[in-house]
Structure formats: C-alpha cells, structure tokens
Amino acid sequence: MSNNVKIGDWVKGNSEDGELIIGYVQALDQLERGALVKVVSSDYDGQVGKSIFLSSRHVKTLPEVNVNNKEQLLNLIDLALATGDKEWFMELSAKLNNMRDLAKNIISSDKK
C-alpha cells in the first residue's frame, strides 16, 4: 500500500457505500491494494464489529494518541477491552499503574 499502512494501525476511511469507518487494520492485501479493517466506529451502526475491506485510496492512518490524563487512559483501556487487543490493554494498564505510582510518590513527598 502506498500510504504505509501496517497491520495494527488505527485508520479511518470510507466504505464502498460511503460510510465513515474507524477501526484497526487486521490484514493487508498488496495485490488488491487495500486493507481488512475491524470496524470499531461507523456512521452506520450495522458495520460496527465487522471486518470490511477498504481500498488503499479510501484509508488514512490516524495519528497516534498522546494520553494526557487518567480519564483518557481509562477510555483507551475500555476500547482495548472492547476490541480484544490484549497487548494494547497490557501496555495501557502499565501506563495507568505508572501514573498512579507517580501520583502516590508526589503526594508522599509533599507530606514530608
């Protein structure tokens, strides 16, 4: 694919019927120049949870998310659970634990 989409990337695009799709790449098809995308969100609820093929010209990689607070991190953990992405869940959980440890350290050093 010309836009350097990789398996596991979060993408947005449009189906052949014009529906907006947001999901992650499950597989790439170099010959047909497209990607099999697991739909997590769509303006057509009937697509959510399905895997659909999107042409490379209709797929755009989403920017990486920079998590700034606990609420954002918890939302991403929910999304990882909903999509069954164990590796991402573990990564996000570790970040949450690190954030909690940092907060505890700051609080305990302020008490001294």
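Look a little higher up for the structure.
The written sequence of each chain sets the order in which its residues are numbered from 1. Note on the predicted model: pLDDT of at least 70 is required for a residue's local features to be given, and 80 or more for side-chain atom pairs to be given and counted; whole-chain, interface and lining totals, by contrast, use all residues. The side-chain values count all of the structure's non-hydrogen atoms but skip hydrogen atoms and water molecules.

In this description, strands pair whenever DSSP reports at least two bridges between them. Runs of H or I in DSSP of at least four residues are treated as helices and runs of E of at least two as strands, each being numbered from the N terminus. Bridge count for strand β1 (residues 10–14) against strand β2 (residues 20–29) is five bridges, and the pairing is antiparallel. From the neighbouring strand, V11 faces β2, where its bridge partner is G23. The hairpin turn running from β1 into β2, its antiparallel successor, is five residues long, and G18 in that turn takes a positive phi close to 90°. Bridge count for β2 against strand β3 (residues 34–42) is eight bridges, and the pairing is antiparallel. Bridge pairing in β3 places I21 opposite S42.

Attention now goes to the environment of K70. In this fold, K70 is placed in helix α1 (residues 70–83). Three labels apply to residues, based on accessible area from a 1.4 Å probe with only protein chains included: buried if under 20% of the type maximum, exposed if over 50%, partly exposed otherwise in between. The exposure class assigned to K70 is partly exposed, which follows from its relative accessible area of 39%. Between the C-alpha atom of K70 and that of M99, which follows or precedes it by 29 residues, the distance is 7.8 Å.

Here, expected helix span is obtained from the residue count minus one, scaled by 1.5 Å. Here α1 contains 14 residues, and its C-alpha end-to-end distance of 20 Å stays within 8% of the 20 Å for a straight helix at 1.5 Å per residue. With a side-chain oxygen positioned 3.1 Å from the backbone nitrogen of E71, the residue opening α1 is N69. G84 occupies a position one or two residues after α1 and carries a positive phi of about 70°. Under the rule applied, a polar contact is a pair of N or O atoms within 3.5 Å (in protein, one hydrogen donor and one hydrogen acceptor; residues adjacent in sequence only if both atoms are side-chain atoms).

The next subject is the sheet that holds β2. If you walk across this open sheet you meet the five strands as β4-β3-β2-β1-β5, and the pairing is antiparallel. The sheet is open, and its two borders are formed by β4 (51–55) and β5 (59–61), each paired with just one other strand. Across the sheet, the mean angle from the axis of one strand to that of its neighbour is 45°, orientation sign disregarded. Here an axis means a line fitted to C-alpha atoms, over the contact stretch when the element is a helix, while the angle between two N-to-C directions is reported on a 0 to 180 degree scale.

Moving on to the environment of K50. Note on placement: K50 falls in the loop between β3 and β4. Residues K50 and V37 lie 13 residues apart in sequence; the distance between their C-alpha atoms is 8.2 Å. Any two residues whose heavy atoms approach within 4.5 Å are treated as being in contact. When near neighbours in sequence (up to four residues on either side) are disregarded, K50 contacts V37, K38 and V39. There is a polar contact of 3.3 Å between the side chain of K50 and the backbone oxygen of G46.

What follows covers the side chain of Q47. Mapped onto the secondary structure, Q47 falls in the loop between β3 and β4. Polar side-chain contacts of Q47 include one of 2.8 Å to the side chain of E19. The contacts of Q47, once residues within four sequence positions are left out, are E19, I21, V39, S42 and I52.

For the rest of this paragraph, the subject is the nonpolar core. Buried Ala, Val, Leu, Ile, Met, Phe, Trp, Tyr and Cys residues that are joined via side-chain atoms within 4.5 Å together make up what is termed a nonpolar core. Listed in full, the ten residues of the largest apolar core are V5, V11, I21, V25, A35, V37, V39, I52, L54 and V59. For this core, the elements supplying multiple residues, two or more each, are β2, β3 and β4. With three residues, β3 is the single largest residue contributor to this core. Discounting chain neighbours no more than four positions away, the residues touching L54 are G13, N14, S15, I21, G34, A35, V37 and V59. L76, W88, L92 and L96 belong to the second largest nonpolar core, which has seven residues in total.

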